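Listed below are the residues making up each chain.
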Amino acid sequence: MTVDADELRGIVRGFLAANDPRGMDRLDFLRARFDAGLAWVHFPAGLGGLGAARELQPLVDAAFAEAGAPDNRPHLNSIGLGMAAPTILRFGNDEQRRRYLRPLWTGEEIWCQLFSEPGAGSDLASLATRAVRDEAGVGSEAEWVVDGQKVWTSLAHRARWAILVARSDPDQPKHQGLTYFICDMTAPGVEVRPLRQITGEAEFNEVFLTGVRIPDSQRLGEIGQGWQVALGTLMNERVAIGGRAPAREGGLIGIAAEAWREHPEKRTHGLHNRLLRLWVDAEATRLTSLRLRQQLAAGDPGPEGSAVKIAFAELNQAITGFELEFLGEPGLAYDDWTFHQPEFTDFAKRGPGFRYLRAKGNSIEGGTTEILRNIIAERVLGLPPESRTDKDRPWKELPR
Amino acid sequence: MSAPDLLYSEVEEDLRANVRRLLRDRCDWTAVLARCETDEPYDLALWRTLAGELGLASLLVSEELGGAGASTRELSVVAEEIGRSVAPVPFLSNLLTTATLVACADEPRVRELLPQFIDGSRLGTVAVGLTTVPYSAFPQSVKAEGTALSGSVSAVVDLEVADYVVVPAVDADGAALYLVDASVSGVSRSATTPLDLTRRFGTITLDRAVGERIASGADAERILRQALVTTAGLLAAEQVGLAQKCLDVTVEYAKTRYQFGRQIGSFQAIKHRLADLWAGVSSARAVARNAADTLARGDDETELAVAIAQAYCSDLVVLAAEEHLQLHGGIGMTWEHPAHLYLGRAKSSQLAFGIADHHRQRIGELADLPMP
Ligand SMILES: Cc1cc2nc3c(=O)[nH]c(=O)nc-3n(C[C@H](O)[C@H](O)[C@H](O)COP(=O)(O)OP(=O)(O)OC[C@H]3O[C@@H](n4cnc5c(N)ncnc54)[C@H](O)[C@@H]3O)c2cc1C
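Residues numbered from 1 in each chain as written. Chains lettered and ligands numbered in written order. Predicted model: local features only at pLDDT ≥ 70, side-chain atom pairs only at ≥ 80, totals over all residues. Heavy atoms only, no water.

In the annotation of an unreviewed UniProt entry, the entry for chain B reads Acyl-CoA dehydrogenase, and the organism field reads Saccharopolyspora phatthalungensis. Heading Sequence similarities (unreviewed entry) of the UniProt record for chain B holds this comment: "Belongs to the acyl-CoA dehydrogenase family." (UniProt positions renumbered as here; feature names shortened; annotations may be inferred.)

Going by the annotation in an unreviewed UniProt entry, the name recorded for chain A is Alkylation response protein AidB-like acyl-CoA dehydrogenase, with Saccharopolyspora phatthalungensis given as the source organism. Of the comments in the UniProt record for chain A, the one headed Cofactor (unreviewed entry) reads "FAD". Entered under Sequence similarities (unreviewed entry) in the UniProt record, the comment concerning chain A runs "Belongs to the acyl-CoA dehydrogenase family."

Put into structure tokens, the structure is as follows:
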């Protein structure tokens, strides 16, 4: 028997009666909420959930918000919550799930994603970071020694842990020689250097891995199964990026609409036409993502989420461009070029110039728009793949 | 405003399966094409089966009035299937007529006639031009003196097969709706040659033709506007059905047509266009479902939901039909191929009940995004 909405409301009420959010330490409260299965209700009991339907989560979050309870500040750990957690749940063993999921959810441990490399972006499976198994290890446990360079790693400067894909067997064709790890970002040999972005700040970093030793107990999935695990992560990434279902005018369109209302003197017919088109597209994308969520209520995200991610990227870029043109002179100014390393990206709190520049990354991060179109064409529509020469040859023989 | 249910229920999927089966057997595109240049461009036998046996015409009618007491949610599924098969049946006029008559069911004459509309033995239409924007002012082109109606209305959908016409007219009390038997003296009809070979329309001219008043004043205005809004919302579903069909057929073709020694669907230029079209159809489905669900709940977001659905779907269906033609190459330009049936239906449905721009203007008013 799964838990239904009414039972869930009752469980939340009972929990709040026993744990007064106002009289408790924030972290103690969050840990207790996790232990009560009210963190992500669709996860299994004992791992922060109750095995309930995924779509009941908003109900629980709303009940906690109403009671004035602290949340887990999800915007500070988006990679952890959106990508690492579902991957650990699906591919991790019991020990790993118990070790990582709780502090991940409470926000005590921030996560980052060590996938992209200078030579491997869209073609992630061609990555070159090496993982060599060392049977001796420490005590009876084998270890892996990892060497390579990762790049564009968002939040590496804040992260305690990373999900990492590395090449464990260069003699295999590229998709078969990969293994997936959980990497300790505080381990010796991990070096993080900020990379300044077109916005002036550094959200992402370069990460150099030099002789980093990872215990075999931090391997996720089988040796050589890294690509399958990574694909699971990437599907969740696209849902995490594109699948948010805000209220009407909840996204960047809301900012543009507000500007329109505040400045009657700047309106023109041409801009009105553009704004209305963008508004309709924003609403269509919002409803599409809501429908996707309703379809997804049971089961894991599939390739369909890619379309919503493409749409959000195109919309955000069109809306933020519109905003500058509508504003006129204020659109020429920039709020702050100071170099710093933010905790998260906040479109709403920054100026229109920042929004315009940052939105350009939306069609690159998490899979470029071109790659996502390939995915829809091949995996949703079943169209034939490109003719390829790289698939069945050993990785080490591929041109780079 | 509660969250809309954008999925299809099991009952709705069953209904879809039944309608699709019937249309597959009786309304193959070759049959549609063969029929459109004959003396019987409408397949009224098919309509009677759809209306009578499958009960489509009764979905919007309450059980108390002898109908099925379903809602726009079920009806929108039917609309998708009709769009998918470009069925030459008087579906749009039936939507308009039922939506109007159900709201006038206190009138004894309407109550008496409704069962015949439900079983498909009688057909009706509403005398408004097919391009009428639902949010526009009450039409003024027909005047009533006593019960005698005079004036003319062009682009009345399915006019040539209608037994009864609901005529919006202006009389001594202001706006009114009259029910007119199309066979009485003073009624003349002329058909227009349509761009859409599967959906016809014509001009009705009334010269002191006798009608019976079934609504007046503010009621008449409200009823007509609501009927137009409901029909425009369901037309969005019809457009989704047709767009999906165009996409499905084109994807199939891209997998089987070889050029340069490979399937044309393996070229990225083609894959990306089809991926975009798939995304567009997915969004069209979401906004059309939202309109059908909002109409069924009848809350105060109805006009906004319909305007969004029409603003999105009416352009998308044209894109789908145009991509279908382009990606078929030369064969798509031939009369012997269904591309032109889809294109004609798509393009004319884009014009029906206001182009996307009209709906965006209405959205500007409703969402507080005023004009300069
Ligand atoms: C803001 C931001 C944050 C990021 N955060 C992270 C992170 O935290 N962790 C992480 O691992 N990565 C991160 N990335 C990296 C991101 O995933 C890659 O940039 C992306 O996958 C593209 O790879 P690339 O930059 O090497 O471009 P390339 O793959 O070299 O692409 C260059 C161009 O070629 C096109 N192209 C490539 N292959 C094809 C093809 N088969 N068909 C058609 N076109 C093609 C691309 O679409 C693109 O336009 C981040 C990127 C950004 C912008």
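Draft legend 1. Structural view of the nonpolar core. Formed by 139 residues in total, the largest nonpolar core has its most connected members in B:L50, B:L177, B:L274, B:F353 and B:I363. With 17 residues, the single largest contributor to this core is helix α7 (residues 217-256) of chain B. Leave out the neighbours within four places in its chain, and B:I363 touches A:L276, A:W279, A:V280, B:L304, B:A307, B:I308, B:A311 and B:D368. Counting residues in each nonpolar core, the second largest holds 35 residues, with A:F91, A:L101, A:L124 and A:W227 among its members. (Core = buried A, V, L, I, M, F, W, Y, C linked by side-chain atoms within 4.5 Å. Buried < 20%, exposed > 50% of the residue type's maximum accessible area, 1.4 Å probe, protein only. Helix = DSSP H or I, 4+ residues; strand = E, 2+ residues; numbered from the N terminus. Contact = heavy atoms within 4.5 Å.)

Draft legend 2. Summary view of the interface of chain A and chain B. Taken together, the contact between chain A and chain B spans 40 residues of the former and 45 residues of the latter. Roughly 3,700 Å² is buried in total at the junction of chain A and chain B, and carbon and sulfur atoms are behind 66% of that figure. Our count for the chain A to chain B interface comes out at five salt bridges. Among the salt bridges present, the one from B:E301 reaches A:R248, with a minimum N-O distance of 2.9 Å. Scanning the region where chain A abuts chain B turns up 16 residue pairs in polar contact (both at pLDDT 80 or more). Looking at the side of chain A that touches chain B, the elements with two or more residues in it are α7 (252-262), α8 (269-296) and α11 (369-380) of chain A. Here the element with the most residues in the side of chain A that touches chain B is α8(A); it accounts for 17 residues. A per-class count over the side of chain A that touches chain B returns 17 nonpolar, ten polar and 13 charged. (Buried area = accessible area lost by both parts, 1.4 Å probe. Salt bridge = Lys/Arg side-chain N within 4 Å of Asp/Glu carboxyl O. Polar contact = N/O pair within 3.5 Å; in protein donor to acceptor, adjacent residues only side chain to side chain. Nonpolar A, V, L, I, M, F, W, Y, C, P; charged D, E, K, R; others polar.)

Draft legend 3. Molecular detail of the domain arrangement of chain A. Residues and elements named next belong to chain A. Each assigned domain of chain A is listed with its residue range as follows: domain 1 (1-71), domain 2 (74-233) and domain 3 (244-381). For domain 2 versus domain 3, the separation of C-alpha centres amounts to 29 Å. At the surface where domain 2 touches domain 3, the tally comes to three salt bridges. Of the charged contacts in the structure, one is a salt bridge between E203 and R358, with a shortest N-O distance of 2.7 Å. Run the count over domain 2 and domain 3 and you get ten residue pairs in polar contact (both at pLDDT 80 or more). (Domains from an automatic or database assignment.)

Draft legend 4. Up close: the packing of aromatic side chains. Residue and element names in this part refer to chain A. Scanning all chains against the criterion turns up 18 aromatic pairs over all chains. With a centroid separation of 5.1 Å and an interplanar angle of 85°, the aromatic rings of Y100 and W161 are classed as edge-to-face. Of this pair, Y100 sits in helix α5 (residues 94-106) while W161 sits in strand β4 (residues 161-167), and the two are 61 residues apart along the sequence. Given the relative accessible area of 4%, Y100 is considered buried. Under the relative-accessibility criterion, W161 is labelled buried at 4%. The side chain of R33 reaches across the aromatic face of F64, ending 3.9 Å from its centre. A cation over a ring is seen here: R160 above W161, with NZ or CZ 4.3 Å from the ring centre. (Phe/Tyr/Trp six-rings, centres within 6.5 Å; stacked < 30°, edge-to-face > 60°. Lys NZ or Arg CZ within 6 Å of the ring centre and 35° of its normal.)

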